[in-house]
There are 2 protein chains.
Amino acid sequence: MSIEIERKFLIVNQAWRSHIKEDQHITQGYIKTEDATVRIRCYHDDKTGLITVKGKREGISRLEFEYPIPYTDAQEMQEKLCQSRLVEKTRHLIEYHGMLWELDEFHGDNEGLFIAEIELSAVDQPFDLPDWVGEDVSFDSKYRNSRLCVFPYKDWE
Amino acid sequence: MSIEIERKFLIVNQAWRSHIKEDQHITQGYIKTEDATVRIRCYHDDKTGLITVKGKREGISRLEFEYPIPYTDAQEMQEKLCQSRLVEKTRHLIEYHGMLWELDEFHGDNEGLFIAEIELSAVDQPFDLPDWVGEDVSFDSKYRNSRLCVFPYKDWE
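Just so we're clear, the structure is a prediction, and the values are computed from it rather than from any experiment.

S.K.: Could you give me a rundown of the overall build of chain A, with the residues and numbers involved?
M.R.: Along the backbone of chain A there are two helices and nine strands. The order of α-helices and β-strands along chain A, N terminus first, is β-β-β-β-β-α-β-β-β-β-α. Taken over the C-alpha atoms alone, chain A extends approximately 40 × 35 × 30 Å along its principal axes. Burial statistics for chain A: of 157 residues in total, 54% are counted as buried. Across chain A, contacts joining residues at least 24 apart in sequence account for 60% of those joining residues at least 6 apart. As presented, chain A carries roughly 7,500 Å² of accessible surface, and 47% of it is formed by carbon and sulfur atoms. Treating the 20 positive side-chain charges of chain A as one cloud and the 31 negative ones as another, the clouds have centres 4 Å apart.

As structure tokens, this is what we get:
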């Protein structure tokens, strides 16, 4: 078990592209739940899978339980259990002032949306904001991946 | 991934008690889902945990994905994410004519209920019925563990 604490931001320009350390091509699906989120993720580059159970959000933190699983299991669960609740994205890993940023470039029905995330070890941990980061959307539920798969960016006003 | 194929029976007497190979003390909780069942199980004797994702039932078979997890994670998920959707039981492992039977003796709100289960490798695999086995309840949803935690035996007519 761990506690996930994260902040999310929109971006204002493409300057982050010159700082990419690594790209990960990811699909993730959701099994519909009421009290928790069960996420099935495929990392298509290194053919690995991940099952993650997340508790309800409290501010910017929530319980998180995460386990590696076989890639073929993850693919099959996405296909057979997640129905259309799937998000596809390229995750760009970026280091900025000693901290790791994950910049998600969404595809499919969320093409055109970019979200920069940073994971913190405490709610009040200080960190530097890169100049390519814009609005803080940490508390805006429509930017959650589990919402993007049912109400995608292309359908926003 | 595997496919779980199982038959369930009520019991008619206690003759099975003399054939027990092993007892397992189990609690299992459920994370509420629509298209799939996510079960978190604690094996209290050997302090192990299990996360299981099961697809929708088709007859007596369904998709099943099962992974061992730390016991403390399983305990915390049961406590914090499964709310009151918990089943407690002693699972008696019994060998009968070369096949393994799992005889669940329920506790708590399901005290008094016993269910004998056998897992098959094919829907039409033949097996011998022990004489302590009674009604076939394989298709009766109220005997599912995921139902017993919300509509327990003590509340049945």
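S.K.: For the side chain of K89(A), give the residues involved together with the corresponding values.
M.R.: Residue and element names in this part refer to chain A. With respect to the helices, strands and loops of the structure, K89 is situated in strand β6 (residues 86-96). There is a polar contact of 2.8 Å between the side chain of K89 and the side chain of D104. Side chain to side chain, K89 and N145 meet in a polar contact 2.8 Å long.

S.K.: Let's hear about the nonpolar core: which residues, and what values?
M.R.: Counting residues in hydrophobic clusters, the biggest one holds 30 residues, and the most contacted among them are I51(A), V53(A), M77(A), I51(B), V53(B) and M77(B). Elements with a contribution of two residues or more to this core: β3 (37-43), β4 (48-54), β5 (61-70) and α1 (71-80) of chain A together with β3 (37-43), β4 (48-54), β5 (61-70) and α1 (71-81) of chain B. Excluding residues within four positions of it along the chain, M77(B) makes contact with V53(A), F65(A), Y67(A), I40(B), I69(B) and C82(B).

S.K.: Account for unusual backbone geometry, naming residues and giving values.
M.R.: All names here are of chain B. Of note in the backbone geometry, K47 takes a positive phi value of approximately 50° without being a glycine. Its place among the elements puts K47 in the loop between β3 and β4. Backbone geometry places H97, a non-glycine residue, at a positive phi of 50°. Following the sequence through the fold, H97 ends up in the loop between β6 (86-96) and β7 (99-106). The exposed category is assigned to H97, whose relative accessible area is 56%.

S.K.: Tell me about α1(B), and name the residues and values.
M.R.: Among the residues of α1(B), Y71(B), D73(B), A74(B), E76(B), M77(B), Q78(B) and L81(B) are the ones counted as buried. In the stretch just after α1(B), Q83(B) is the one whose phi turns positive, near 50°.

Rules used throughout
- Residues numbered from 1 in each chain as written.
- Chains lettered and ligands numbered in written order.
- Predicted model: local features only at pLDDT ≥ 70, side-chain atom pairs only at ≥ 80, totals over all residues.
- Heavy atoms only, no water.
- Helix = DSSP H or I, 4+ residues; strand = E, 2+ residues; numbered from the N terminus.
- Buried < 20%, exposed > 50% of the residue type's maximum accessible area, 1.4 Å probe, protein only.
- Contact = heavy atoms within 4.5 Å.
- Areas by Shrake-Rupley, 256 points an atom, 1.4 Å probe, with all protein chains shown as cover.
- Lys, Arg positive; Asp, Glu negative; His and termini not counted.
- Charge placed at Lys NZ, Arg CZ, Asp CG, Glu CD.
- Polar contact = N/O pair within 3.5 Å; in protein donor to acceptor, adjacent residues only side chain to side chain.
- Core = buried A, V, L, I, M, F, W, Y, C linked by side-chain atoms within 4.5 Å.

Functional significance is not addressed by these values, which are geometric in nature.
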